[in-house]
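In case you want the letters, here they are:
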Amino acid sequence: MPKGIDEPENYFAGWHSQRPVLAVMGEYSAGKSTLLNYLLGTNVFPTRITATNYPPIWLTYADTPYGIAIGADAPPLTFDPIDINDYSGSAYLALRVALPIPLLRDIDIIDTPGISDVRLTKKSLHMFAPFLDAVIWCSNISQAWRQTEVSMWRSFPKPLHQRSLLVLTQCDKLRNLPDVEKVMKRVTHETKTLFAQRLAVSIDTASKAEQAKGAADRDDLLKASNISALQTALTVIVTDAKAACLARPDIATPTLSPTHASQATSHSSQTQLKKGPLHTPKETTRHPTSKKESDMAKVDISKLAEIGGFIGACLVDSETGLMMASDGGGDLDLEAAGAANTEVVKAKLSAIEMLGLDDHIDDILITLGKQFHLIRPLEKTPTVFLYVALDKKSANLGMARVQVKNVEKTLAI
Ligand SMILES: Nc1nc2c(ncn2[C@@H]2O[C@H](COP(=O)(O)OP(=O)(O)OP(=O)(O)O)[C@@H](O)[C@H]2O)c(=O)[nH]1
Ligand SMILES: [Mg+2]
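Rules and cut-offs
Residues numbered from 1 in each chain as written. Chains lettered and ligands numbered in written order. Predicted model: local features only at pLDDT ≥ 70, side-chain atom pairs only at ≥ 80, totals over all residues. Heavy atoms only, no water. Helix = DSSP H or I, 4+ residues; strand = E, 2+ residues; numbered from the N terminus. Buried < 20%, exposed > 50% of the residue type's maximum accessible area, 1.4 Å probe, protein only. Contact = heavy atoms within 4.5 Å. Pairing = 2+ DSSP bridges. Polar contact = N/O pair within 3.5 Å; in protein donor to acceptor, adjacent residues only side chain to side chain. Near = heavy atom within 4 Å. Areas by Shrake-Rupley, 256 points an atom, 1.4 Å probe, with all protein chains shown as cover. Nonpolar A, V, L, I, M, F, W, Y, C, P; charged D, E, K, R; others polar.

Undergrad: How should the overall build of the protein chain be read in this particular structure?
TA: A count of helices and strands for the protein chain gives 13 helices and 15 strands. Across the 413 residues of the protein chain, 51% fall into the buried class. Across the protein chain, the fraction of contacts at a sequence separation of at least 24, relative to all contacts at a separation of at least 6, is 72%.

Undergrad: What should I look at first to understand the pairing of strand 15 (residues 384–391) in this one?
TA: Across the 8 residues that make up strand 15, a large majority, 7, are buried. Both strand 11 (residues 310–317) and strand 15 contribute to a ladder of 7 bridges, which runs antiparallel. Paired with C314 across the strands is Y387, a residue of strand 15. Turn length for the strand 14 (residues 371–377)-strand 15 hairpin, with the two strands adjacent in sequence and antiparallel, is 6 residues.

Undergrad: Help me understand the environment of W58, please; the structure alone is not making it clear to me.
TA: Examined against the element boundaries, W58 turns out to sit in strand 2 (residues 57–61). Considered as a pair, W58 and F128 are 70 residues apart in the sequence and their alpha carbons are 9.9 Å apart. Within the structure, the side chain of W58 is placed 2.9 Å from the side chain of D108, a separation counted as a polar contact.

Undergrad: Whenever I open this one, the site of ligand 1 confuses me. Can you help?
TA: Lining the immediate environment of ligand 1, one finds 20 residues, of which K32, S33, T34, T52 and D172 sit closest. Protein chains bury 88% of the 650 Å² of accessible surface belonging to ligand 1 in isolation. The set of elements that each furnish at least two residues to the shell around ligand 1 consists of helix 2 (32–40) and helix 7 (203–211). With 3 residues, helix 2 is the largest single contributor of residues to the shell around ligand 1. Looking at the shell around ligand 1 residue by residue, the class counts come to 5 nonpolar, 9 polar and 6 charged.

Undergrad: Explanation requested: unusual backbone geometry in the structure shown.
TA: Only a minority of non-glycine residues have a phi that is not negative, and only a minority of peptide bonds are not trans. For S29, which is not a glycine, the phi torsion comes out positive at approximately 60°. Structurally, S29 can be placed in the loop between strand 1 (21–26) and helix 2. Note on S29: relative accessible area 28%, which makes it partly exposed. A positive phi angle is found at N226, which is not glycine, with a value near 65°. By secondary structure assignment, the location of N226 is in the loop between helix 8 (215–225) and helix 9 (227–246). Residue N226 is classed as partly exposed on the basis of its relative accessible area of 26%.

Next comes the structure, spelled out in structure tokens:
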């Protein structure tokens, strides 16, 4: 391993410019990247219904776009930001992306993975702490301010707490304003000393306001979104942080630490910011980023169909939510079911890690009225799991568990 690659702080120190640095943190799928894209006015950051699989992305201003990927065990790589899709996965510790977006003239922004990401340790977020002027902590209002969030945020320095905002996201998902206010009241009580300010927003509503036909509709939607309160709070944070930042050396050009500058390799030389969104994941064909994903077509899980009461089964990568193989299904949308259950597996893996249990998951059983759902992470690759749906009336659960285990043993990824 080249010297210094295991110390990404060395790079971050070089990236720390006179601009305030704002990080967005929170649980996965809280809406962190959606919020940032809205503020930036373009789809820079990847967003998805299931957890995205990117390392922290440090966004900064440059007239000519460029990207730098800090590898976990390889020299840093420069890339064209348009190819950001290719830099997900655990091979990278952090990405630096520079773009000519007006807001970035005033502020650097770091988008981070969800705190329950199994690959993300406290240390990997703490690496950024010395460089942060403020944090927007995003917490989904439907499950706001969970114990995992409390524990992670409390582990950051107290002065940072005083400069940061708690944003309850996706407030359009609650039925009405009194429900929003009820959550806000509880969370305000629980976070008194932990944030400078708290507010509830809906980026979905703010985006709808942009498409509204009449001015009255637009105004109503904007008001309901509470986006202007967020923009005001951000302006205050940026203004307060600016004076302190001027004392820092300004770094306007891409910098690699001297040790690595000569080793950096480039995927593309001169880059231009293309018009339109940089990344629209829903329409984008995802390139396999790892051997694991490119192997998926070869995985055979057809033996699972021999289990009594079999309805359908799939093999899912919980890091990406992607289905690697499937069989049966009938009325059950296996792809959606598999993706939704990535959250179950990730939550359980992270609970085991948080509790310091030196153990693994054999299987997870979900009992519905009419079906059993069995989840079995692969022993050698626990982030990949088998998901099997069985008819409760005709399945023999004991036998089914053994059969799923036997099939799991035959899978090698
Ligand atoms: N209804 C509603 N959905 C939202 C809102 N904001 C984000 N979402 C949706 O929530 C999902 C997750 O959003 P992301 O922005 O990818 O969440 P994230 O916190 O960046 O997720 P990770 O990067 O995976 O940790 C996406 O399907 C978004 O469309 C909102 O205000 N309202
Ligand atoms: Mg995100």
